[in-house]
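One-letter residues, chain by chain:
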Amino acid sequence: MNSPLPHHSATRTTAEQPDEEGVHRQRTAIAALGHEVRALVDATVRTTAAPDALLRVAEGVRGLAAQLTGRRARAEIPVVDEFPGGARMYSPVTGTGSPLAPPLKVTRLDGGVAGTCALGLAHEGPPGYGHGGISAMLLDESMGWACATAGMPGMTVSLQMRYQRPVPLEARLRVLAHVTGTEGRKVYVAGSITTEEDPSTVLAAAEGVFVSPDPEHARALFPGLRAPGGSDGGTAVGR
Ligand SMILES: CCCCCCCC(=O)SCCNC(=O)CCNC(=O)[C@H](O)C(C)(C)COP(=O)(O)OP(=O)(O)OC[C@H]1O[C@@H](n2cnc3c(N)ncnc32)[C@H](O)[C@@H]1OP(=O)(O)O
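Worth saying up front: this structure is predicted, and the values here are computed from it rather than measured.

Comments concerning the overall build of the protein
Helices and strands together make up the secondary structure of the protein, namely 4 helices and 8 strands. The helix and strand sequence of the protein, counted from the amino end, reads β-α-α-β-β-α-β-β-β-β-α-β. Here the protein holds 239 residues, and 36% of them are scored as buried. Sequence-distant contacts, at least 24 apart, represent 66% of the contacts inside the protein between residues at least 6 apart.

What follows is the structure, given as structure tokens:
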């Protein structure tokens, strides 16, 4: 999802931005690999293959991983990302390049955001249902997007979950989130998960508080960002 940029824009300091077509090609390839690795993760947690076959595949996967050359440093922002406030290719929630992400697709609504996804066996908690931590992750992310979309990007300082019904695996889910109030740097947000099939039955709900770090705090947290013009002031915070 494209969200509005937060109050201050920022430039990356860690790598040069390739041209638009280069970024597009890179993102397309990242998403293609992410798709296949998610399929591999699904097959890995579903398979009933015998030990010999599992060991053969493990060796093959080790060989494939060795082909993924280059190594991004911990706090480096990928050149394909728009941080803050935009695409995060490797987000464990929305990132089409992440094997961990369902991935959740977030779109803007009047007064909030809506996310859609389906969970797989890799996200299982109780047999046949989603793990409670995964539900919290979907809500946390969507609520963060609701803040950013309302022009108040921040970080979660409090997330209170209510698990009302188990979340079925392999069903299309709808995650809604909206800002309910603000107080200084604090943004109050609410969210819910339902299936697309039965949007009136809330499966999980959350209330959260998000806070925009003050600029000094933000500079310390995100050293990969710097304000336009090369000064080190006014660092923005997003997701
Ligand atoms: C767009 C994509 C969305 C992605 C969503 C992903 C969400 C995430 O995963 S974020 C990662 C998880 N969260 C974190 O790591 C945050 C960790 N916390 C921190 O680093 C700091 O608390 C930080 C930087 C957010 C704020 O620190 P700082 O700027 O010093 O704020 P601080 O002065 O302590 O608090 C600001 C206000 O929030 C309040 N506050 C702080 N913690 C809480 C809390 N747990 N509950 C309620 N209020 C709180 C304070 O009381 C204060 O209120 P007031 O201004 O009225 O006195």
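That shown, we press on.
A closer look at the nonpolar core
Counting residues in hydrophobic clusters, the biggest one holds 28 residues, and the most contacted among them are Leu119, Leu138 and Leu139. Those elements that place two or more of their residues in this core are strand S3 (112-117), helix H3 (132-149), strand S5 (173-183), strand S6 (186-195) and strand S7 (204-211). In terms of residue count, the dominant contributor to this core is H3 (9 residues). Apart from the residues lying within four places of it in its own chain, the contact partners of Leu138 are Val93, Pro102, Leu104, Cys117, Leu119, Leu173, Val175 and Ile193.

Quick look at helix H2 (residues 51-66)
Residues spaced three or four apart along an α-helix face the same direction, because each turn holds 3.6 residues. The terminal C-alpha atoms of H2, which comprises 16 residues, lie 23 Å apart, in line with the 22 Å expected from a rise of 1.5 Å per residue. Among the 16 residues of H2, 0 are classified as buried, and the element is accordingly described as predominantly exposed.

Thoughts on the pattern of salt bridges
Applying the stated rule across the entire model yields 6 salt bridges. The shortest N-O distance in the salt bridge between Asp42 and Arg46 comes to 2.8 Å. Of this pair, Asp42 and Arg46 both sit in helix H1 (residues 20-46), 4 residues apart, roughly one helical turn. Taking the relative accessible area as the measure of exposure, Arg46 reaches 39% and is therefore partly exposed. Here Asp81 ties to Arg88 by a salt bridge, and the two come within 3.4 Å at their closest N and O atoms. Assessed through its relative accessible area of 5%, Asp81 is described here as buried.

A closer look at the sheet that holds strand S4 (residues 155-163)
The strand order S2-S3-S5-S6-S7-S4 describes an open sheet built from 6 strands, whose pairing is antiparallel. With partners counted over all chains shown, the strands left at the sheet margins are strand S2 (105-109) and S4, one partner each. Averaged over all adjacent pairs, the angle separating strand axes in this sheet is 20 degrees, with direction ignored. Where S2 meets S3, 5 bridges bridge the pair, whose relative direction is antiparallel. The residue bridging Arg108 from the neighbouring strand is Val113, located in S3.

Looking at H3
Its 18 residues place the ends of H3 26 Å apart at the C-alpha level, agreeing with the 26 Å of an ideal helix rising 1.5 Å per residue. The buried fraction of H3 amounts to 14 of the 18 residues, a majority that puts the element mostly inside the structure. Of the residues flanking the end of H3, it is Gly151, one or two places downstream, whose phi is positive at about 85 degrees.

Focus: the UniProt feature "domain: Thioesterase" (unreviewed entry) in the protein
Within this numbering scheme, the UniProt entry marks residues 128-199 as carrying the feature "domain: Thioesterase" (unreviewed entry). Across residues 128-199, helical content stands at 25% and strand content at 42%; the span's end C-alpha atoms are separated by 20 Å.

Topic: the confidence of the model for the protein
Low pLDDT means the predicted atomic positions in that stretch should not be read closely. Across the protein, the average pLDDT comes to 89, with 87% of residues at 70 or higher. Every residue in residues 1-11 is under pLDDT 50, and counting partners more than four places away or in other chains gives 42 contacts. As a predicted assembly, this complex carries a pTM of 0.90 together with an ipTM value of 0.94.

Regarding the pairing of S5
In the case of a regular strand, side chains alternate between the two sheet surfaces. Looking at chain direction, S3 and S5 are connected through 5 bridges and run antiparallel. Each residue of the ladder has a partner; that of Thr116, found in S5, is Arg174. In this sheet, S6 lies alongside S5 in antiparallel orientation, the contact comprising 10 bridges. Bridge pairing in S6 places Gly181 opposite Tyr188.

Things to note about the environment of Leu119
In this structure, Leu119 sits in the loop between S3 and H3. Spatially, the C-alpha atom of Leu119 lies 23 Å from that of Arg27, the residues being 92 residues apart in sequence.

Details of the side chain of Ser192
Inspection of the secondary structure puts Ser192 in strand S6. Among residues more than four places away in sequence, those in contact with Ser192 are Leu139, Arg174, Val175, Leu176, Val202, Ala204 and Ala205.

Cut-offs applied
All chains use their own residue numbering, which begins from 1 and follows the written sequence. Confidence filtering applies because this is a predicted model: local features only for residues at pLDDT of at least 70, side-chain atom pairs given and counted only at 80 or more, and all residues used for totals across whole chains, interfaces and linings. Values reported for side chains reflect all heavy atoms of the structure, with hydrogen atoms and water molecules removed beforehand. Counting from the N terminus, the helices are the DSSP runs of H or I reaching at least four residues and the strands are the DSSP runs of E reaching at least two. Each residue is placed in one exposure class: buried if its accessible area under a 1.4 Å probe, protein chains only, is under 20% of its type's maximum, exposed if it is over 50%, and partly exposed if it falls in between. Whether two residues are in contact is decided by their heavy atoms, any of which lying within 4.5 Å being enough. For the purposes of this section, nonpolar cores are sets of buried Ala, Val, Leu, Ile, Met, Phe, Trp, Tyr and Cys residues that join through side-chain atoms within 4.5 Å. Helix span is expected to be 1.5 Å times the residue number reduced by one. Take a side-chain nitrogen of Lys or Arg and a carboxyl oxygen of Asp or Glu: if they are within 4 Å of each other, that pair is a salt bridge. We call two strands paired when DSSP finds no fewer than two bridges between them. Convention adopted: a line fitted to C-alpha atoms gives each axis, helices being fitted over their contacting stretch, and angles between N-to-C directions are expressed from 0 to 180 degrees. UniProt positions are given in the numbering used here, feature names are shortened, and annotations may be inferred rather than shown by experiment. A residue's pLDDT is the confidence the predictor assigns to it, expressed on a 0 to 100 scale.

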